Amino acid sequence: MGFLDGKKCLIAGLASTRSIAWGIASAMHEQGAELAFTYQGEKLRDRVTDMAAKLGSNIVIPMDVGKDEEIETAFAALKDHWNHLDIMVHSIGFAPREQLDGNYLDCVTREGSMVAHDISSYSFAAMGKVARHMMPPGGAMLTLSYLGAIRSIPQYNVMGPAKASLEANVRFMAAATGESGIRVNGISAGPIRTLASSGVGNFRKMLQMGAEGNPMKRNITIEEVGNAAAFLCSDLASGITGEVLMVDNGYSTVGTPQVGTTPK
Ligand code: NAD
Ligand code: 0WE
C-alpha cells in the first residue's frame, strides 16, 4: 500500500537515470502511482521507452514544450490511454549554453532571456493550461526550481530570473486552480549532477562547496527529491499549494558556512 495508489501521473523531463525526473518517477512508482512520460526529441525516444518500462509504464509521448502544437498533441495522445490525470510533473529547464558562462551582464541577451523564460517558466503554465481540463479535484502539479530564483549565483545567470518567474507561476497557477481542488507546488532542489548540470563549467567545485556549506554536509539525491515530490503530489499534502519547498539539506537556511568546529 502506497500513498499514491491508483493515481495517474504524467512526468515531463526524463533524460537519463540521473535526471531528477527519474528520482521522482521511481518514488511515485514505489508509492503505487501509474506513470506516463513525455520526452523531448526523437533522440531520447528509445532511452525514455526503456526507462518507462522499468517502472511498469508503456505510455511514452513526444513533447517539445517550446511548441504549442506539441503540447496540445501530447495531451491528446495521453487521452488515448487515460481519461483523467491526477498528477503532472514538470522537470524541464533550458537556456542557451552561452548564457551560463561568465558575467551575467556580459552574457545576457534578449534572445537568450526569451528562450530561458519560455522553456523554463512559461512551459509550466502552458502544460498546466491543458492538464487542468483532465484533472479531477485532488489533482496536483509540480515543478523543479533552484536557489538562483531568490539569490544571485555565479554563472546561473538568466536562469535565475527564469526560475523566479517559474516560482511566480507556481503561485499564480495555484490561485487559478485552487477552486477546482487542484494544487500547484514547486521543489527547490540543491545541486545534483545530471545531464543539465554537468554541462556547466566548475560544477564539481559547486557540488563540493554546496556539500560543505549545508548542515547535513553532503549533497542531496534524486531519491530525496523524489520522496518530497511524491509527498507534495499526494493527499498527505492536501493543505499545501502555491508553495516552493526547499529540498537542499538546509543549504538555504545557513547564514554562513560553519568553520573551525569539528563534530565530537
Ligand atoms: P536533466 O538534463 O536530466 O533534465 C532536464 C530535462 O529538460 C531533460 O529531460 C530535457 O530533455 C528537458 N528539456 C529541455 N528543453 C526541453 C524542451 N524544449 N521540451 C521538453 N523538454 C525539454 O536535468 P535535471 O537536473 O534533472 O533538470 C530537471 C529540472 O530540475 C530542471 O528544471 C532544473 O532546472 C531543475 N533543477 C536541477 C538541479 C540540479 O542541480 N541538477 C537543481 C535544482 C533544480
Ligand atoms: O537549472 C539547472 C540547470 C540549468 C541549465 C543547464 C544547461 C546546461 C546545458 C539550463 N540550460 C542549460 N543549457 C545547456 O546547453 N540547475 C539548477 C543546475 C545548475 O546549473 C548551473 C548551476 C546549477 C546548480 C549553472 C551555473 C551555476 C550553477
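You'll find the structure just up there.
Below is a summary of the structure that appears in this document. Everything quoted here is computed from the prediction, not taken from an experiment.

The rules behind these values
- Residues numbered from 1 in each chain as written.
- Chains lettered and ligands numbered in written order.
- Predicted model: local features only at pLDDT ≥ 70, side-chain atom pairs only at ≥ 80, totals over all residues.
- Heavy atoms only, no water.
- Salt bridge = Lys/Arg side-chain N within 4 Å of Asp/Glu carboxyl O.
- Buried < 20%, exposed > 50% of the residue type's maximum accessible area, 1.4 Å probe, protein only.
- Helix = DSSP H or I, 4+ residues; strand = E, 2+ residues; numbered from the N terminus.
- Polar contact = N/O pair within 3.5 Å; in protein donor to acceptor, adjacent residues only side chain to side chain.
- Contact = heavy atoms within 4.5 Å.
- Pairing = 2+ DSSP bridges.
- Axes fitted to C-alpha atoms, helices over the stretch in contact; angles between N-to-C directions.
- Phe/Tyr/Trp six-rings, centres within 6.5 Å; stacked < 30°, edge-to-face > 60°.
- Near = heavy atom within 4 Å.
- Areas by Shrake-Rupley, 256 points an atom, 1.4 Å probe, with all protein chains shown as cover.
- Nonpolar A, V, L, I, M, F, W, Y, C, P; charged D, E, K, R; others polar.

Attention now moves to the pattern of salt bridges. Here the structure, examined in full by the defined rule, presents six salt bridges. Here Glu42 ties to Arg45 by a salt bridge, and the two come within 2.9 Å at their closest N and O atoms. Among the ionic pairs, Arg45 bridges to Asp46, the shortest N-O distance being 3.6 Å. A residue is classified by how much of its surface remains accessible, and Arg45, at 39% relative accessible area, is partly exposed.

Let's shift gears to the side chain of Ser188. Within the secondary structure layout, Ser188 lies in strand β6 (residues 183-189). Side-chain polar atoms of Ser188 contact the backbone nitrogen of Leu147, separated by 3.4 Å. Apart from residues no more than four positions distant in its own chain, Ser188 is found in contact with Ser145, Tyr146, Leu147, Glu167, Val244, Leu245, Met246, Val247 and Asp248.

On to the sheet that holds strand β4 (residues 87-90), then. Taking strand neighbours across the sheet as the criterion, the seven strands line up as β3-β2-β1-β4-β5-β6-β7 in an open arrangement whose pairing is parallel. Of all strands in the sheet, those bounded by a partner on one side alone are β3 (60-62) and β7 (244-247). For this sheet the average axis-to-axis angle between neighbouring strands, irrespective of direction, equals 20°. Two strands pair when backbone bridges link them, and strand β2 (residues 34-39) and β3 are joined in this way by three bridges, in the parallel orientation. Pairing of Thr38 across the sheet is with Ile61, part of β3. Sitting on the sheet, helix α2 (residues 45-54) touches β2 and β3, and the angle it makes with β2 is about 170°.

On inspection of all chains with the given rule, the structure shows one aromatic pair. Ring plane angle 65° and centroid distance 4.8 Å describe the contact between Tyr146 and Tyr156, whose orientation is recorded as edge-to-face. Residue Tyr146 is located in the loop between β5 (140-145) and α6 (159-177), and its partner Tyr156 is located in the loop between β5 and α6; the two are separated by ten residues in the primary sequence.

The next subject is the site of ligand 2. Looking at ligand 2, there are 13 residues lining it, with Ala95, Tyr156, Ala196, Val200 and Met206 nearest. Between ligand 2 and Ala95 there is a distance of 2.8 Å, counted from a nitrogen atom to a backbone nitrogen or oxygen. With respect to ligand 2, the side chain of Tyr156 contributes an N or O atom lying 2.8 Å from an oxygen atom. When isolated, ligand 2 has an accessible area of 590 Å², and the protein chains bury 87% of it. Those elements that provide at least two residues to the shell around ligand 2 are α7 (195-198) and α8 (203-212). A breakdown of the residues in the shell around ligand 2 according to their chemical character gives ten nonpolar, two polar and one charged.

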